Amino acid sequence: MATTSSLSLLLLFLSLLTPTSVHPKPLQDSPYLSPATLFPDYDRMLATFKVYVYPPPTPFTFATPSETLFHASLLNSRFITDDPNEAHLFYVPFPPDLPSRSLSALVESLRTNFTFWYRSLGADHFFLSRAGIGYAPDRNVLELKKNSVQISCFPTTSGDFFPHKDVILPPVPHTPLALPHAPVGKETATFLGFMKRDEEQESQSSLVEEVDGDPEFLVESKPSDLTRSKFCLFVYGGDGSWLGEALRLGCVPVVITDRPIQDMPLIDVVRWSEIAVFVGSRGGVAELKRVLGGIGGERYERMRGLGVAAGKHFVWNEVPQPFDAFHMVMYQLWLRRHTIRYARREWM
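Reference entry: report on the structure contained in this document. Counting restarts for each chain, with residues numbered from 1 along the sequence as it is written. Local features in this predicted model are restricted to residues whose pLDDT is 70 or higher, and side-chain atom pairs enter the listing and the counts only when it is 80 or higher, whereas totals over whole chains, interfaces and linings include all residues. Water and hydrogen atoms play no part in the side-chain values, which are based on all heavy atoms of the structure.

Looking at the state of the cysteines
1) Next: Two cysteine sulfur atoms form a disulfide, by the criterion used here, when they sit within 2.5 Å. Taken as a whole and judged by the stated rule, the model has 1 disulfide.
2) Next: Bridging C232 to C251, the disulfide has an S-S length of 2.0 Å. Note on the C232 and C251 pair: the S-S dihedral is about 110°, so by sign convention the disulfide is right-handed. Here C232 is found in strand β8 (residues 231-235), whereas its partner C251 is found in the loop between α7 (243-248) and β9 (252-256), with 19 residues between them in sequence. Helix and strand assignments come from DSSP, with helices taken as H or I runs of at least 4 residues and strands as E runs of at least 2, each series counted from the N terminus.

Thoughts on the pattern of salt bridges
1) Next: Put simply, a salt bridge is a Lys or Arg side-chain nitrogen that is within 4 Å of an Asp or Glu carboxyl oxygen. A full pass over the atoms with the stated rule returns 13 salt bridges.
2) Next: With its nearest N and O atoms 2.9 Å apart, the salt bridge here joins R248 to E245. With a gap of 3 residues between them, R248 and E245 both fall in helix α7, about one helical turn apart.
3) Next: Between buried and exposed lies partly exposed: a residue is buried under 20% and exposed over 50% of the maximum accessible area for its type, with that area taken using a 1.4 Å probe on protein chains only. With relative accessibility at 7%, the residue E245 sits in the buried group.
4) Next: Here D258 and R282 are joined by a salt bridge, their closest N and O atoms 3.4 Å apart. Within this pair, whereas D258 is found in the loop between β9 and α8 (272-275), its partner R282 is found in the loop between β10 (277-279) and α9 (284-293), the two being separated by 24 residues in sequence.
5) Next: Residue classification places R282 among the exposed residues on the basis of a relative accessible area of 60%.
6) Next: A single salt-bridge network, built from bridges that share partners, covers E108, R111, R139 and E143.

Any link to function would need more than the numbers given here.
The following block contains the structure:
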């Protein structure tokens, strides 16, 4: 049995779900927040959206697969323009963990060498930062943080993400899992999770200890066959790299959190309340079993079907495909092309 400190994934086995075909859903039974506008808006984005890329301050590489894939896909996409005057948004690439002083110098160079920053004080600009940039007394860094669109990885550091303007990259699984197989006859469901490293640590640590000692739970170092699983539980605050795979393979995500979450991936696109379950950790294993036991029948089938439909938007491809993770991030940026900046007097 794995120890709490060495846990990277937790697997709870409950009941086998036979894979079913997913058919197109009517608009009222859709995983999308705005099903009537998503697809025509997506087509308009493909036809019109333009991004201008500033030259990076120095050659560098990103620290995460999702950042790397997004950056490379964008540079090779139809969205890039060499004419900044036709751009809707401006991309500011810079190395991960760039010091505040260097970040300030970078923004200052945009003020000096380009005229576009002043049009909105950076509100029509975006950048990649794995965990987000923190506050700094420098005006340049403050404008970048408060005005520009920050694209981060899931989950972000509390306080470094503004849901009204910022975007989360769908996670990249460590190893893509297989598509659904035929059932093999053993009843299972899945529980994946990670420890959180803040004020929720004590209650979530107790939960992990309960799971580790419960005979209905099996602790493993990586996911087994999610296609044989009914639920996949993630402890918010750790590695969420399997979240999209769980949806794609028909394993309903159950997110363990003791506070509201504002940085779920694709939160502008999908209705997370219809494709996932959110439950606190303080009730322990008994509460988890109670909540999951109440989700069955038509309710579960509907939730699972909507999750599978949404799962295609979490897939990253080396060569982007329609409606995949790259294109849905671009869609969220496109939604932010009409920007509202902070008043200039705030910085005087």
